[in-house]
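# Working through the structure, step by step
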Amino acid sequence: MISQSFASLIVLLLGLVNLSPAFAFPQYGSLAGLSARDLNELVPRLNQVDPPNPPGPLTYNGTKLVHDDAHPFKAPEEGDIRGPCPGLNTLANHGYLPHNGVATPSQIIEAVQEGFNMEHGTALFVTYAAHLVDGNLVTDLLSIGEKTKLTGPDPPAPAIVGGLNTHAVFEGDASMTRADFFFGDNHSFNQTLFDQFVDFSNRFGGGFYNYTVAAELRFQRIQESIATNPQFSFISPRFFTAYAESTFPVNFFVDGRSTEKKLDMEAATSFIRDGKYPQDFHRAAQPSSTEGIDIVASAHPVAPGENRDGKINNYVPDPTSADFSTFCLLYTNFVNQTIGGLYPNPTGVLRRNLIKNLRFFYSGIADAGCEELFPYGQL
């Protein structure tokens, strides 16, 4: 059984560790290839931002109308960025995030709390995890979808600043409504997969998506990826995020006035396909995270692993991957391996911002019993 305090640390938006740097961190940045001298001259001229302390918890953390007059739906226009997370897409379409899809970590933390009532520690943990791997640490900007010049010139490679579409960093295989990266589009709404979402809701939830449906559909999507994707990977972090993803619609897309934890298909379509709050939608009644993850994960236990040797139906468990019993290993590998690989020798403002963002990231799990790490020293 997964403890609730542990479960609250993991959510759909997290992307972390056990990645091959050559595969996961392509060198496509506007500063790539510059000499050390050129970098030393150029980086100080970027729009440097000293990351502010993140927003605190909500003053009022009960349910309230969030599809209100101040936050009407506005469809994305040409040039606006949307990505693999229906929740962030919805927040951008309703003005809780900048409509162009590029935001600061503070804006995201404020938005997921205000618009969905996400628990504060979870909001900190997942936002700074995503920002550290996919955002621009010099300008303090993150794309909720594709890589974009709107985040400013990139820090030196091997940093990627790839946005949340980047495969195996934030986004991962066996999504409920997005195809695996192997098949070409890992971030757009997939009607075939959503039809399956509806079918499972009808078969196992009486027309509603609930934790029981989540457990069955999660197992089905894992089995489908094993059978069709020769590059399928289900190790940490995707091992965690896949189960958290399954609980997200129940915890955040169900109107906060409801006493039942079940999502109807009209609301599911509105959020997942359209990135739109249903009319008169009220956020969750209390700060929420990954409640129900123990139900989903225990229904059909699957060990972390991957298809090996480029073959389908060749799923091999990976005992080196973090799992639900080794959360602190997830944190340690993220800091020492992933961030260390992206930023091997930072100096100046980049080093300062790394130290500050890692501190904010850890603050989301400070009560989890993990030893805080300081790979770049302290300020």
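Residues numbered from 1 in each chain as written. Predicted model: local features only at pLDDT ≥ 70, side-chain atom pairs only at ≥ 80, totals over all residues. Heavy atoms only, no water.

This is how the line gets drawn: UniProt positions are given in the numbering used here, feature names are shortened, and annotations may be inferred rather than shown by experiment.
Taking an unreviewed UniProt entry as the reference, the protein chain is identified by name as Heme-thiolate peroxidase belonging to Candolleomyces eurysporus. The record held by UniProt for the protein chain lists under Cofactor (unreviewed entry) the comment "heme b". Word for word, the UniProt comment on the protein chain under Sequence similarities (unreviewed entry) is "Belongs to the chloroperoxidase family."

## Structural notes on the packing of helix H12 (residues 327–342) against helix H13 (residues 348–363)
When two helices pack together, you describe them by how their axes are tilted relative to each other and by the distance separating the axes. Here is the rule we go by: Between N-to-C directions, angles span 0 to 180 degrees; the directions come from axes that are lines fitted to C-alpha atoms, helices contributing only their stretch in contact. Secondary structure is summarised from DSSP: a helix means a run of H or I of at least four residues, a strand means a run of E of at least two, and numbering begins at the N terminus for each. Angle categories: roughly parallel below 35 degrees, roughly antiparallel above 145, roughly perpendicular from 65 to 115, and oblique for all the rest. Left-handed describes a crossing whose near helix is turned anticlockwise from the far helix through less than a right angle; right-handed describes the clockwise counterpart. Any pair of residues with heavy atoms lying within 4.5 Å of one another is described as a contacting pair.
Where H12 contacts H13, the two axes come as close as 12 Å, and the packing angle between them is 160°. With respect to H13, the axis of H12 lies roughly antiparallel. The handedness of the crossing between H12 and H13 is right-handed. Contact with H12, carried on its side by Tyr 331, Phe 334, Val 335 and Ile 339, involves Leu 354, Leu 358, Phe 361 and Tyr 362 of H13 and no other residues of that element.

## What about the nonpolar core?
We apply this condition: Residues belong to a common nonpolar core when they are buried Ala, Val, Leu, Ile, Met, Phe, Trp, Tyr or Cys residues joined through side-chain atoms within 4.5 Å. With a 1.4 Å probe rolled over the protein chains alone, any residue whose accessible area is under 20% of its type maximum counts as buried; one over 50% counts as exposed, and the rest are partly exposed.
Membership of the largest hydrophobic core comes to 87 residues, with the highest contact counts inside it found for Tyr 209 and Tyr 243. Sort the elements by how many residues they give to this core and helix H6 (residues 120–134) lands first, with nine residues.

## What to know about the environment of Leu 141
Its place among the elements puts Leu 141 in the loop between H6 and strand S2 (142–143). Each C-alpha atom, one on Leu 141 and one on Thr 151, is 5.3 Å from the other, the two residues being 10 residues apart in sequence. The residues touching Leu 141, leaving out its near neighbours within four places in the chain, are Val 102, Ala 103, Thr 104, His 131, Gly 135, Asn 136, Leu 150 and Thr 151.

## So, the packing of aromatic side chains
Applied cut-off: Aromatic pairs are defined between Phe, Tyr and Trp rings, using the six-membered ring for Trp, whenever the two ring centres lie within 6.5 Å; interplanar angles under 30 degrees are classed as stacked, those over 60 as edge-to-face, and all others as tilted.
Scanning the entire structure with this criterion turns up 32 aromatic pairs. Consider the rings of Phe 116 and Phe 271, whose centres lie 6.1 Å apart with planes at 50°: the pair is tilted. Of this pair, Phe 116 sits in helix H5 (residues 105–116) while Phe 271 sits in helix H10 (residues 265–272), and the two are 155 residues apart along the sequence. Each member of the pair Phe 116 and Phe 271 is classed as buried. Seen in terms of ring centroids, Tyr 128 and Phe 360 are 5.3 Å apart; in terms of plane orientation they differ by 50°. Their pairing is tilted. Here Phe 360 lies in helix H13 and Tyr 128 lies in helix H6, a separation of 232 residues in the sequence. Given the relative accessible area of 1%, Tyr 128 is considered buried. Cluster of aromatic residues (ring-pair linked, three or more members): Tyr 96, Phe 116, Phe 248, Phe 252, Phe 253, Phe 271, Tyr 277 and Phe 281.

## Observations concerning the sheet that holds strand S6 (residues 305–307)
Strand pairs in the sheet, formed through backbone hydrogen bonds, run parallel or antiparallel to each other. Stated formally: A pair of strands is treated as paired once DSSP finds two or more bridges between them.
What the three strands build is an open sheet, ordered S4-S6-S7; its pairing is antiparallel. Each having just a single partner strand, strand S4 (233–234) and strand S7 (315–317) make up the two edges of the open sheet. For S4 and S6, the ladder comprises two bridges, and the chain directions are antiparallel. By the bridge assignment, Phe 234 is partnered in S6 with Gly 305.

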